[in-house]
Amino acid sequence: MTNLYSLLSNEAKNLDFLTFGGVDIEITLKTYSSHYQKYTDWIAAGYAGEMHYLIKRQITREDPRKLFPEAKSIFCVAEKYSASEIAPNISQHKPYPKYARYLRGEDYHVRIKKKLEILMHNVTQSWNANHITPLKWKICIDTSALLERSWAMFAGLGWIGKNTILIHPKSGSFFLLAAVLINKPLELNPKPLPNYCGNCNRCITSCPTQAFVEKNILDARKCISYLTLEKKSSHDDYKNNSGTWIAGCDI
């Protein structure tokens, strides 16, 4: 464990991130290439629908250094959010508008960025006080052209389930991912967790719009989250199966 990773870990603990981890880019890229290939195949199959931003910056996701040329490592964090159900003060037997739990409170892009800026400011001060070469970094939260899920998996934050979501052994999938690209190596190899999905297929069979082509492959064009948050044109084809979800989906 490097001194830099110790600094990052201590700050992440102080800021109450659910979990965190790091990995060096160069040593991980060979294994990561299969994840990128799967992503390009997914795009080619048309499963991204109208999410043109995923297609436009597709090549940038091949290597984090195309996003931040000086990057040597990635530090990944998971920000937890409440798993308690959102329910208005009406009878549970009546249909009511529902939205995904992560949408509660402050915009998560803003909230997580604030925390990571504090984290990196503190780490940078400590690092620069004892090293000649200054620490440089770039925060990536959802909107950056980075496959955060794959890098978080390599950093040991969880495994990618059949529903294509990163799953933590204790907290399930009730968290959001973010990453920091850093111009120094952490001297950490990939350490993915075992996949504990086993024979369970509940995520596949529970999807009301049957958005999974097969396990590990999601057709976003049928996904309720896509239909309610991303799609601009009509989605009457799946509206009847979307129930009362108006933004995202927690099924």
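Structure: see above.
The text that follows walks through the structure, step by step, so that each part is easy to find. (Residues numbered from 1 in each chain as written. Predicted model: local features only at pLDDT ≥ 70, side-chain atom pairs only at ≥ 80, totals over all residues. Heavy atoms only, no water.)

**What about the overall build of the chain?**
Argument step 1. Along the backbone of the chain there are 8 helices and 10 strands.
Argument step 2. Summarising its shape, the C-alpha atoms of the chain cover approximately 60 × 40 × 35 Å along the three principal directions.
Argument step 3. Burial status across the chain gives 45% buried among its 251 residues.
Argument step 4. Counting contacts in the chain only where the partners sit at least 6 residues apart, residues at least 24 apart contribute 73% of the total.
Argument step 5. Total accessible area on the chain is roughly 13,500 Å²; 52% of this is exposed by carbon and sulfur atoms.
Argument step 6. Side chains of the chain give 32 positive and 23 negative charges; the mean places of these two sets differ by 2 Å. (Helix = DSSP H or I, 4+ residues; strand = E, 2+ residues; numbered from the N terminus. Buried < 20%, exposed > 50% of the residue type's maximum accessible area, 1.4 Å probe, protein only. Contact = heavy atoms within 4.5 Å. Areas by Shrake-Rupley, 256 points an atom, 1.4 Å probe, with all protein chains shown as cover. Lys, Arg positive; Asp, Glu negative; His and termini not counted. Charge placed at Lys NZ, Arg CZ, Asp CG, Glu CD.)

**Overview of the state of the cysteines**
Argument step 1. Scanning the model with the defined rule gives 0 disulfides in all.
Argument step 2. Cys203 provides the cysteine sulfur closest to Cys197, a residue in no disulfide bond, and the two sulfurs are 6.5 Å apart.
Argument step 3. By relative accessible area, Cys197 is classed as buried at 16%.
Argument step 4. Here Cys207 stays unpaired: no disulfide links it, and the sulfur of Cys223, its closest cysteine neighbor, is 6.7 Å away.
Argument step 5. We classify Cys207 as buried; its relative accessible area is 16%. (Disulfide = S-S within 2.5 Å.)

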